[in-house]
There are 2 protein chains.
Amino acid sequence: MLDRARLSSLTLLSLEDVPPYQEAPETGLTFEDNARIKARAAFAATGLASVADDSGLEVGALNGMPGVLSARWAGVHGDDAANTALLLAQLRDVPDERRGATFVSACALVSASGEVVVRGEWPGTIAHEPRGDGGFGYDPVFIPAGCARTAAQLSPEEKDAVSHRGRALAALLPALRALASPS
Amino acid sequence: MLDRARLSSLTLLSLEDVPPYQEAPETGLTFEDNARIKARAAFAATGLASVADDSGLEVGALNGMPGVLSARWAGVHGDDAANTALLLAQLRDVPDERRGATFVSACALVSASGEVVVRGEWPGTIAHEPRGDGGFGYDPVFIPAGCARTAAQLSPEEKDAVSHRGRALAALLPALRALASPS
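Conventions we followed
Residues numbered from 1 in each chain as written. Chains lettered and ligands numbered in written order. Predicted model: local features only at pLDDT ≥ 70, side-chain atom pairs only at ≥ 80, totals over all residues. Heavy atoms only, no water. Helix = DSSP H or I, 4+ residues; strand = E, 2+ residues; numbered from the N terminus. Buried < 20%, exposed > 50% of the residue type's maximum accessible area, 1.4 Å probe, protein only. Contact = heavy atoms within 4.5 Å. Pairing = 2+ DSSP bridges. Axes fitted to C-alpha atoms, helices over the stretch in contact; angles between N-to-C directions. Buried area = accessible area lost by both parts, 1.4 Å probe. Salt bridge = Lys/Arg side-chain N within 4 Å of Asp/Glu carboxyl O. Polar contact = N/O pair within 3.5 Å; in protein donor to acceptor, adjacent residues only side chain to side chain. Least-squares fit on C-alpha atoms with pLDDT ≥ 70 in both. Expected span 1.5 Å × (residues − 1). UniProt positions renumbered as here; feature names shortened; annotations may be inferred.

1. Quick word on the side chain of Lys159 of chain B
Residue and element names in this part refer to chain B. Topologically, Lys159 is positioned in helix α3 (residues 156-162). When its relative accessible area of 10% is taken as the criterion, Lys159 is described as buried. With near-sequence residues (within four places) excluded, Lys159 lies in contact with Trp122, Gly135, Phe136, Asp139 and Leu154.

2. Observations concerning the sheet that holds strand β2 (residues 100-111) of chain A
All names here are of chain A. As summarised here, the arrangement of the four strands in space is β1-β2-β3-β4, forming an open sheet in which the pairing is antiparallel. Strands at the two margins of the open sheet, each flanked by one partner only, are β1 (50-59) and β4 (142-144). The mean inter-strand angle of the sheet, taken between neighbouring strand axes irrespective of direction, is 35 degrees. Seen against the sheet, helix α4 (residues 164-180) touches β1, β2 and β3 (114-126) and runs at an angle of roughly 160 degrees to β3.

3. Digging into the pairing of strand β3 (residues 114-126) of chain B
Residues and elements named next belong to chain B. Pairing analysis gives 12 bridges linking strand β2 (residues 100-111) to β3, with the strands arranged antiparallel. Along β3, the bridge assignment pairs Ser111 with Gly114. Following β2, the chain reverses through two residues before pairing antiparallel with β3. As paired strands, β3 and strand β4 (residues 142-144) are joined by three bridges and run antiparallel to one another. Paired with Ile126 across the two strands is Phe142, which belongs to β4.

4. Some thoughts on the interface of chain B and chain A
Every contact between the two is made by 18 residues of chain B and, on the other side, 18 residues of chain A. When chain B packs against chain A, close to 1500 Å² is buried across both sides, 53% of that on carbon and sulfur atoms. Applying the counting criterion to the chain B and chain A interface returns two salt bridges. Asp93 of chain A is paired through a salt bridge with Arg72 of chain B; the nearest N and O atoms lie 3.0 Å apart. Where chain B meets chain A, there are seven residue pairs in polar contact (both at pLDDT 80 or more).

5. Details of unusual backbone geometry
All names here are of chain A. Here Met65 and Pro66 are connected by a cis peptide whose omega angle stands at 5 degrees. Along the polypeptide, Pro66 turns up in the loop between β1 and α2 (80-90). Phi at Asn63 is positive, roughly 55 degrees, even though this residue is not glycine. Topologically, Asn63 is positioned in the loop between β1 and α2.

6. Things to note about the relation of the copies chain B and chain A
Turning chain B through 180 degrees and shifting it by 0.0 Å along the axis lays it on chain A, with an RMSD of 0.0 Å. Here the symmetry operator amounts to a two-fold rotation axis. Proximity to the rotation axis, assessed at the C-alpha, singles out Asn63 of chain B in chain B; its C-alpha lies 2.9 Å from the axis. Looking at the interface residues of chain B, 100% of them are also at the interface in chain A, so both copies use one shared face.

7. Some remarks on helix α1 (residues 31-46) of chain A
Residues and elements named next belong to chain A. Helix length check: α1 (16 residues) gives 23 Å between terminal C-alpha atoms against 22 Å at 1.5 Å per residue, within 8%. What α1 keeps buried is the set Phe31, Glu32, Asn34, Ala35, Lys38, Ala39, Ala41 and Ala42. Directly after α1, the chain includes Gly47, whose backbone phi takes a positive value near 75 degrees.

8. Brief notes about the pattern of salt bridges
Scanning the model with the defined rule gives 22 salt bridges over all chains in all. Close ionic contact of Glu121 of chain A with Arg119 of chain A constitutes a salt bridge, the shortest N to O distance being 2.9 Å. A relative accessible area of 36% places Glu121 of chain A in the partly exposed class. In this structure Arg119 of chain A comes out as partly exposed when scored by relative accessible area, which is 35%. A salt bridge links Lys38 of chain B to Glu26 of chain B; the shortest N-O distance between them is 2.9 Å.

9. Focus on the UniProt feature "binding site: Mg(2+)" (unreviewed entry) in chain A
Residues and elements named next belong to chain A. What UniProt calls "binding site: Mg(2+)" (unreviewed entry) maps, in this numbering, to Asp54. Structurally, Asp54 can be placed in strand β1. Non-local contacts of Asp54, meaning those with residues more than four positions away in its chain, are made with Glu26, Thr30, Phe31, Asn34, Ala35, Lys38, Val68, Val104, Ser105 and Ala106. Of the polar contacts made by the side chain of Asp54, one reaches the side chain of Asn34; its length is 3.2 Å.

And the structure:
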């Protein structure tokens, strides 16, 4: 996902590598708000430069929802199957030309040098039924623009190269490089 | 609901009073579209001046959804309990100041004289739990602006006097009067 060779002076840690802390609730109105909230909380808890992502699916026929509610659209956080089934049911009568959707990821980097927030988008359409077993979330019903397969039918490498999250993290590279090579 | 005394030269029929016909699907993008579609279908089938309503709940924190999907928000048409439970779950972390919502009704009158479409709105907020057993749909979780009770705790007369549908039908009165007293 990140070009590790060009960031070789950075050591990447995950939440599993640091002492547990209270993760900030995702109460923001936007992906950017939530990414910033989470990265600030991680930086405050660890003192280390912190990257956080908040992402979701914006569906045109639902006025941009599920949006920041993507992970709990059906009411229970993280129930991918329920969320996807609900989305398909809500769009049951929506014809192909109105099934446009965009995966959005906001990534925030918070460090002693300040804050950077970037956004990556992945446009596509919502399928009429799930296909594929890769990925997570709405991947089985998301058909990327210009693609015949769903996101769940892409390999991890194919997905990272074009996905919203891949694009957002790529947009964060200059800031990460600056951290890796302080002037 | 309608002021029958002032429309005494009209005979009001319901769908139960006319031969069955194929009701048009609610595939419009707006309440107005759907009301017009349904009134046109009724007029085409009966040759009688026809009034149709399409209505729903627009929730600010959901970018105006459920909107035209209000009756099937949880995936099954007309399951009020499921729709309401889903709405409450989606808004679980949304604070009071962001729980604003508006009931909207569009009413269409289609006759040999042409078409009239009007809109009625009823502003309020979404409660944290259902209260009351009157009304239908989202009434148990809708608190009208300036009201301490939910719409499901109002009498039918109280509700008709101020509701979105009552307001829309009131706005249709001049056109109905014109039909009743042709020049």
